[in-house]
Amino acid sequence: MPKTQFYTATSIDGFIADADNSLDWLFEADKGGDHEAANPFAAFFAEVGAFAMGATTYEWVLEHDALLEEPVKWADYYGDTPAWVFSHRSLAAIPGANLTFVQGDVRPVHAAMVEAARGRNIWIVGGGELAGAFADAGLLDELILGVAPVTLGAGAPLLPRRMTSQRLKLTGMEQKGGFAYLTYRVGAPPA
């Protein structure tokens, strides 16, 4: 059964981006250890049939990887896997990328993603507010958290809402380099 998954890296203190909305801290945490060799992302993404991200995440990736100047990088990372970008403003599209810009309720977008994924998993890239919107709608099945050996003190929170242990069940944990990977099944929101 396909799952909708929020797969992300987080600092020990629960931030997915620093106070400047940057992920540079993550790339620093990846260096110097054996995490790259043990990184489970490739196996995870092989099961993904569609994915979604928020505008802030999209803009950071667009700028960080200079994707408007080198759009082939997007295809190198994600192939032709369809992606949805949630935004209330107009954003530049990456030439050749299979992108759909949307806003509003996640439910009809999720239905379109399920159809496009053709029996494969759906990845909610981030940010935390977008993942939370899927969780609020009862459409998030799993959290996969790569807890990095770093604290940020401030920034974009992992999930900026309350989710109690009644909704979250730890189903897996493993160490990959200096990272702890925690997997939680997400239950339905309270009625």
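Everything below is about the structure printed above this text.
## A few points about the nonpolar core
Ranked by internal contacts, the top residues of the largest apolar core, which has 29 residues, are Phe51, Met53, Tyr58, Trp74, Ile94, Leu99 and Trp123. In terms of residues, this core owes the most to one element, helix α4 (residues 55-64), which gives five residues. Setting aside anything within four residues of it in sequence, one finds Phe51 in contact with Phe45, Trp74, Tyr78, Thr81, Pro82, Ala83, Trp84, Met113, Trp123 and Val125. The next biggest cluster of nonpolar side chains, apart from the first, holds 26 residues, and it includes Phe6, Val106, Ile122 and Leu143.

## Considering the pairing of strand β4 (residues 83-86)
Burial along β4 is two-sided: Ala83 and Val85 facing one way and Trp84 and Phe86 facing the other are all buried. As defined by bridge partners, strand β3 (residues 48-54) adjoins β4 across four bridges and the pair is classed as parallel. Bridge pairing in β4 places Gly54 opposite Phe86. Alignment of β4 against strand β5 (residues 99-102), held across four bridges, turns out to be parallel. Counterpart to Trp84 in the pairing with β5 is Thr100.

## Concerning the pairing of strand β9 (residues 168-176)
For β9 and strand β10 (residues 179-186), the ladder comprises eight bridges, and the chain directions are antiparallel. Its bridge partner lying in β10, Lys169 is registered against Arg185. What sits between the antiparallel neighbours β9 and β10 is a turn of two residues, in which Gly177 has the positive phi angle 60 degrees.

Quick notes on the rules
- Residues numbered from 1 in each chain as written.
- Predicted model: local features only at pLDDT ≥ 70, side-chain atom pairs only at ≥ 80, totals over all residues.
- Heavy atoms only, no water.
- Core = buried A, V, L, I, M, F, W, Y, C linked by side-chain atoms within 4.5 Å.
- Buried < 20%, exposed > 50% of the residue type's maximum accessible area, 1.4 Å probe, protein only.
- Helix = DSSP H or I, 4+ residues; strand = E, 2+ residues; numbered from the N terminus.
- Contact = heavy atoms within 4.5 Å.
- Pairing = 2+ DSSP bridges.

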